[in-house]
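Understanding the architecture of this molecule
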Amino acid sequence: MRNTAVIIISFSMIQHSFSTSRKHLQHLVLAGLFLLGACSTQNQSDDESAAKTAKESVLNLKLAAGKTLYESNCAACHDSGSSGAPKLGNKEAWSGRMAEGKDVMIKKAITGIDGKIGMMPPRGGNTSLTDEDVKTVILYMTSKINTSEENTSVESPVL
Ligand code: HEC
């Protein structure tokens, strides 16, 4: 790639020395841009780690957005576990639901639950939340589910 670009540049320069017409100047500029492009794709492992970092940043942003939405729409029941709501971070309360899968949980949280344990209004009672919002909150909630048997407190969830 790089060699090709250098050849093109040299070729353009030769042409350029014969003629100073605008067209050839454009060639030179294009060849320069091409060389820049070739350089930027050279180190693939750098690109991969940059992509990984970008993915992690997106996940962190989603988790932060989920936390904010959770606090204003869901915490009232899920922090205390009132009326049978599975408590945030409590592995026992969530394991059966996790086994059903996230899609089922998202669907139930959107439509509301009139379950054996308790009642949950659709979207936690805030109908202005979009499906995507609910998904984002559940991403946050499931990230808080405790993986240690001894420690099931909301205060110190294990990620
Ligand atoms: C008024 C109280 C209340 C609010 C507010 C509330 N929930 Fe719930 N939620 C419950 C109760 C009670 C259950 C358990 C119902 C059952 O299983 O019988 C539940 C269960 C769930 C479940 C488990 C679903 C499953 O598959 O079993 C999810 C996920 C959930 N809530 C998400 C949310 C989200 C997201 C919000 C905020 C947008 C929210 N809840 C707000 C009371 C609430």
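Refer to the structure presented above.
Residues numbered from 1 in each chain as written. Predicted model: local features only at pLDDT ≥ 70, side-chain atom pairs only at ≥ 80, totals over all residues.

Looking now at the overall build of the chain. When its secondary structure is counted, the chain shows 7 helices and 2 strands. Taken from N to C terminus, the helices and strands of the chain fall in the order α-α-α-α-α-α-β-β-α. Per-residue burial over the chain gives 17% buried out of 159 residues. When contacts within the chain are restricted to residue pairs at least 6 apart in sequence, long-range pairs at least 24 apart make up 59% of them. (Helix = DSSP H or I, 4+ residues; strand = E, 2+ residues; numbered from the N terminus. Buried ≥ 20, exposed ≤ 12 C-beta atoms within 10 Å, placed from the backbone. Contact = placed C-beta atoms within 7 Å.)

If you want to describe how two helices pack, look at the angle between their axes and the distance between the axes. Running from amino to carboxyl end, helix α3 (residues 44-73) crosses helix α7 (residues 131-143) at an angle of 100 degrees, the nearest separation of the two axes being 8 Å. With respect to α7, the element α3 is oriented roughly perpendicular. Here Lys 62, Leu 63, Ala 65, Gly 66, Lys 67, Leu 69 and Tyr 70 of α3 come into contact with α7, specifically with Asp 133, Thr 136, Val 137, Leu 139, Tyr 140, Met 141 and Ser 143. Here the contact of α3 with α7 is composed, by residue class, of 8 nonpolar, 3 polar and 3 charged. (Axes fitted to C-alpha atoms, helices over the stretch in contact; angles between N-to-C directions. Parallel < 35°, antiparallel > 145°, perpendicular 65-115°, else oblique. Nonpolar A, V, L, I, M, F, W, Y, C, P; charged D, E, K, R; others polar.)

Now for the site of the ligand. Taken together, 30 residues sit near the ligand, with Cys 74, Cys 77, Gly 115, Gly 118 and Gly 124 positioned nearest. Sorting the residues of the shell around the ligand by element identifies α4 (75-78), α5 (91-100), α6 (102-111), β2 (119-120) and α7 as the ones contributing at least two each. Element by element, the count of residues in the shell around the ligand is highest for α6, at 4 residues. For the shell around the ligand, the class distribution of residues is 17 nonpolar, 8 polar and 5 charged. (Near = placed C-beta within 6 Å.)

Turning to its location among the elements, Tyr 140 is positioned in helix α7. Among the residues examined, Tyr 140 registers 21 C-beta atoms within 10 Å and is labelled buried. When the C-alpha atoms of Tyr 140 and Tyr 70 are compared, they prove to be 8.0 Å apart, with 70 residues separating the residues in sequence. Those residues within four positions of Tyr 140 in sequence are excluded, and the remaining contacts are Leu 63, Gly 66, Lys 67 and Tyr 70.

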